[in-house]
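Report on the structure
Chain by chain, the residues run as shown.
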Amino acid sequence: PHSLTLTMVGAALLWVGWVGFNAGSALAANGDAGMAMLVTQLSAAAGALTWLCIEWVYFGKPSALGAVTGMVAGLGTITPASGFVGPAAALLIGTAAGTCCCFATLSLKRVLKIDDSLDVFPVHGVGGILGTLAAGVFVSSELGIFSGQGLAEGVTIGKQLATQACGVAAVALYPAAVTWILLKVIDRITGLRVSAEEETEGLDVVLHNERGYDL
């Protein structure tokens, strides 16, 4: 985030686009599309607010970057559930997204020692898993204020949650296996890493002979 102005502009464009992404999945201008739009907005706002509060408690001050990241976490997490849950559940999902993704961002890269400069997995990965599982619970019409559109006939929350978990496992295992194979092939052909000196100098300069503007 060398320019928070550009960060905020990009976040605003992303938020607007995400409304079309979720609400447009209804393929009609109807109640389902309207509800998807509402829960998307609520989850994004809850995620941003939650992330800001966590930063305030842990670091003494909230940040614009934290608000943006929390917003993206809320958007990513509500997406699997946006066509099936209600407003109260969306607030809960967004709050959970801001909390889980924030702590994942603070810990996962350090624990797993992975290169993820944009925190894609802690935000989108963790949020996507959380939202997919949450959809299996809050779709139920028997949760009072947190009720959703209702489960299929004869399906319990437990069965639906198991189905959602199976989907999460499939989406995790297949790309992991294919990516591992592709990386092995690329490593044999060109190698995956540059030298420490080249990494310090910067890949834009070393590999592409390009420089950004001096700020």
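Now for a description of the structure that goes with this document. Sequence order sets the numbering: in each chain, residues are counted from 1 along the sequence as written. Selection of residues for local features in this predicted model requires a pLDDT of at least 70, selection of side-chain atom pairs for listing and counting requires 80 or more, and totals for whole chains, interfaces and linings are taken over all residues. Hydrogens are left out, water is left out, and the side-chain values use all remaining heavy atoms of the structure.

**Examining a nonpolar patch on the surface**
For clarity, the cut-off: Two joining distances apply to patches: 9 Å for like charges and 5 Å for nonpolar side chains (Val, Leu, Ile, Met, Phe, Trp, Tyr), and every residue must have over 30% relative accessible area and no salt bridge. Here, Shrake-Rupley sampling with a 1.4 Å probe gives the accessible areas, and only protein chains in the shown set may cover a residue. Should a side-chain nitrogen of Lys or Arg be within 4 Å of a carboxyl oxygen of Asp or Glu, the pair is scored as a salt bridge. Note on conventions: DSSP H or I runs of at least 4 residues are helices, E runs of at least 2 residues are strands, and numbering of each starts at the N terminus.
A cluster of nonpolar side chains, contributed by W56, V57, Y58, F59, F103 and L106, occupies part of the molecular surface with about 670 Å² of accessible area. Mapped onto the nonpolar patch, the elements with two or more residues apiece are α2 (31-59) and α4 (87-112). For the nonpolar patch, the leading source of residues is α2, giving 4 residues. Inspection of the secondary structure assignment puts F59 in helix α2.

**Some words on the side chain of S82**
Test applied: Contacts described as polar in this section are N or O atom pairs within 3.5 Å, which, within protein, must combine one atom able to donate a hydrogen with one able to accept it, while residues neighboring in sequence count only if both atoms come from side chains. The criterion used for residue contact is that any of the two residues' heavy atoms lie within 4.5 Å.
Along the chain, S82 falls in the loop between α3 (64-78) and α4. In this structure the side chain of S82 is engaged in a polar contact, spanning 3.2 Å, whose partner is the backbone oxygen of T79. The contact partners of S82, leaving out residues within four places of it in the chain, are N22, A36, V39 and T40.

**Brief notes about the packing of α2 against α4**
Our working rule: To get an axis, a line is fitted to the C-alpha atoms, and for a helix only the part in contact is used. The angle between two axes follows their N-to-C directions and goes from 0 to 180 degrees. Roughly parallel here means an angle under 35 degrees, roughly antiparallel means over 145, roughly perpendicular means 65 to 115, and every remaining angle is called oblique. Here a crossing is called left-handed whenever its near helix is offset anticlockwise from the far helix by less than a right angle, and right-handed whenever the offset is clockwise. All residues other than Ala, Val, Leu, Ile, Met, Phe, Trp, Tyr, Cys, Pro, Asp, Glu, Lys and Arg, Gly among them, are scored as polar; the first ten of these are nonpolar and the last four charged.
For the pair α2 and α4, the least separation of the axes is 7 Å and the interaxial angle reads 40°. It follows that α2 is oblique to α4 by the angle criterion. The element α2 and its partner α4 pack so that their crossing is right-handed. Split by residue class, the contact of α2 with α4 holds 17 nonpolar, 8 polar and no charged.

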